[in-house]
Amino acid sequence: MSISDDFHVYDTTLRDGAQQEGLALSVADKLAIAQHLDDLGVGFIEGGWPGAVPKDTEFFERARTELHLRNATFAAFGATCKPGAVAADDPQVAALRESGAAVVTLVAKSHDAHVERALRTTLDENLRMVADTIRHLREHGQRVFLDTEHFFDGYRANRAYALEVVRVSAEAGADVVALCDTNGGTLPRELQDVVRDVLESTGARLGIHAHNDGGCAVANSIAAVEAGATHVQGTINGYGERTGNADLLAVVANLELKREMELLPAGKLADAFRIAHAIAEVTNVPPSNRAPYVGLSAFAHKAGLHASAIKVDPDLYQHTDPARVGNDMRMLVSEMAGRASIELKGRELGFELGDDRDVVGRVTERVKEMESRGYTFEAADASFSLLLTEEVSGARTSYFDVESWRVITESRADGEAVSEATVKLVAAGEREVVTGEGNGPVNALDHALRSAIERAYPAVNKFELVDYKVRILDQGHGTDAVIRVLIETADGEGSWVTVGVGHNIVEASWEALVDGFTFGLLRHQEVAR
Ligand SMILES: CC(=O)SCCNC(=O)CCNC(=O)[C@H](O)C(C)(C)COP(=O)(O)OP(=O)(O)OC[C@H]1O[C@@H](n2cnc3c(N)ncnc32)[C@H](O)[C@@H]1OP(=O)(O)O
Ligand SMILES: CC(=O)C(=O)O
């Protein structure tokens, strides 16, 4: 059962979202996403087009027994019957009937040129197809929503016909007529005027289905709701064909937080961040950091002036409290930092620096100076933490003293290139001279370093290099350029990022590697010996 019929939050991630280039969902993926959507509390989940896409037919079959929805109602998507045919005899309409979905969302033409040129039939025949299919499904006990393809372009070309499609649909029994901005090029003010006119002229219950080709899908959805639409369609993370559909979480968050509408079950908006990211894991499409509300950067502050005001009151630089959508405020430390940024970031990392103006001043200067040489701390919290520890305690955290390291790469007779590293260091009073092999120089150094210190610090065996990023900073200099390396290390419980910079890629990698191990040992509360 849907939560409330007064306003519909209608998700089409599994149908229109799946039309995104590069997104391919298995039936298991679709079931997992449907579960997340139900947990979020949307009213309707459009599961796909049974009868047209075999996976979607299977999805509806399996969903019946494998999913027990608490909040949402399934909708099956499909087209009206064909020109010259009756709905009762149409195999695709039969598939919609047999899907078991309580709701069928029919797509119909509402633009005269599409009826005549794409459907190759008359305007009257299209109206008959729409009415016949709606009536047929209603007689078989299904609720019908109607998606009017290309509605806004159709309205511009032939207002009377576009309105007639809405009227006929409502009279035939469609509960909602969703006006579709299929090509996504309509602007909010025009869209709002059209929605108002359709509402006044037809009295039908209206919905909105907006695409983002002009970058206005969320704004258009809100504009439609403000003009009287009571059904809003969209997708999680704005997935969809071309530039995507309206990002449903942004639409809902805006309406709940800025218009005081209650659309999801109480408290569920605070799951938005978690669910957007959980669904991105299933789709295997990296989530955009810059997504409104749920992006990692949505509440990340970099400019020093912002931080100084946020110190007084976070609301001074935030449009809403990130906790309301399950996100967090983050401070970014960079060359644009001021004292306040350092103080707030320090607090985030567990350092109370408020009373120590000298330390804050020194750290600010060091960050600016190091960033001017190519370091970046905003993505390397662990290196920044080590820097802070050094300035607070007066000494660099050190678990081992490196005497020297070297690495060679040889091409063997079999054509394979392998690297061998030698590391000489003193750990816990013992001198170690250790070699390590690897499929590249950094891999070899990683093996040698971990062998050299594992006797003194066994925790190092839990560390794993999970990501390695290289960036050439002054590209004009070719092989003489400055190189920045970011290394992410994990220990099964979490991960941390360190940075190294140098003219030599191996030298930069070594710096990031040593910081990575040092931070890891500190994290495991190993005592430097
Ligand atoms: C705007 C949207 O995103 S709507 C959703 C679009 N989604 C999809 O297309 C994904 C699933 N689609 C499919 O699997 C296939 O396209 C199918 C099974 C629907 C149809 O495949 P085919 O029969 O091979 O036809 P094809 O895709 O080439 O053409 C579509 C046919 O539907 C007709 N059609 C288009 N819109 C409608 C409509 N609203 N009502 C009835 N028929 C329609 C077209 O005129 C065309 O008919 P024709 O075969 O007589 O020329
Ligand atoms: C129905 C649909 O997906 C559209 O018109 O964009």
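Residues numbered from 1 in each chain as written. Chains lettered and ligands numbered in written order. Predicted model: local features only at pLDDT ≥ 70, side-chain atom pairs only at ≥ 80, totals over all residues.

### Here we look at the packing of helix H15 (residues 381–393) against helix H17 (residues 505–523)
For the pair H15 and H17, the least separation of the axes is 10 Å and the interaxial angle reads 70 degrees. Comparing the axis directions of H15 and H17 gives the class roughly perpendicular. The segment H15 lies against H17, with Ala382, Ser383, Ser385 and Leu386 engaging Asp515, Gly516, Thr518 and Phe519. (Axes fitted to C-alpha atoms, helices over the stretch in contact; angles between N-to-C directions. Helix = DSSP H or I, 4+ residues; strand = E, 2+ residues; numbered from the N terminus. Parallel < 35°, antiparallel > 145°, perpendicular 65-115°, else oblique. Contact = placed C-beta atoms within 7 Å.)

### Some words on the confidence of the model for the chain
Per-chain confidence: the chain averages 94 in pLDDT, with 98% of residues scoring 70 or above. Here the predicted complex scores 0.85 on pTM and 0.94 on ipTM. (pLDDT = per-residue confidence, 0-100.)

### Some details on the sheet that holds strand E16 (residues 495–502)
Sheet architecture is open: three strands sit in the order E14-E15-E16, paired in antiparallel fashion. Each end of this open sheet is capped by a strand with a single partner; those strands are strand E14 (464–472) and E16. Neighbouring strand axes in the sheet, compared pairwise and without regard to direction, differ in orientation by 20 degrees on average. Here strand E15 (residues 483–490) pairs with E16 via eight bridges, running antiparallel. Across the sheet, residue Arg484 finds its bridge partner in E16, namely Val501. (Pairing = 2+ DSSP bridges.)

### A look at the sheet that holds strand E13 (residues 430–438)
Pairing is antiparallel across the open sheet formed by three strands, whose spatial order is E11-E12-E13. Each edge of the open sheet is held by one strand with a lone partner, namely strand E11 (400–411) and E13. For this sheet, the mean inter-axis angle between neighbouring strands, taken without regard to orientation, is 10 degrees. Alignment of E11 against strand E12 (residues 417–427), held across 11 bridges, turns out to be antiparallel. Considered in E12, the bridge of Thr409 is made with Ser419.

### Comments concerning the environment of Met331
If you trace the backbone, Met331 turns up in strand E10 (residues 330–331). For the pair Met331 and Ile342, spaced 11 residues apart in sequence, the C-alpha to C-alpha distance is 8.4 Å. Among residues more than four places away in sequence, those in contact with Met331 are His301, Ala307, Ser341, Leu344, Lys345 and Glu348.

### Some words on the site of ligand 1
Around ligand 1, the surrounding shell holds 13 residues, and the nearest of these are Ala52, Ala79, Thr80, Val107 and Leu119. The leading source of residues in the shell around ligand 1 is strand E4 (residues 103–109), at three residues. The residue makeup of the shell around ligand 1, split by class, is eight nonpolar, two polar and three charged. (Near = placed C-beta within 6 Å. Nonpolar A, V, L, I, M, F, W, Y, C, P; charged D, E, K, R; others polar.)

### Describing helix H1 (residues 27–40)
Here H1 spans 20 Å end to end across 14 residues, near enough to the 20 Å set by a 1.5 Å rise per residue. Residues Lys30, Ile33, Ala34, His36, Leu37 and Leu40 constitute the buried set of H1. Seen along its axis, H1 keeps its buried residues to an arc of 160 degrees; they face one direction. As for H1, its buried residues are in contact with strand E1 (8–11), strand E2 (44–48), helix H2 (54–66) and helix H11 (272–283). (Expected span 1.5 Å × (residues − 1). Buried ≥ 20, exposed ≤ 12 C-beta atoms within 10 Å, placed from the backbone. Arc of directions from axis to C-beta.)

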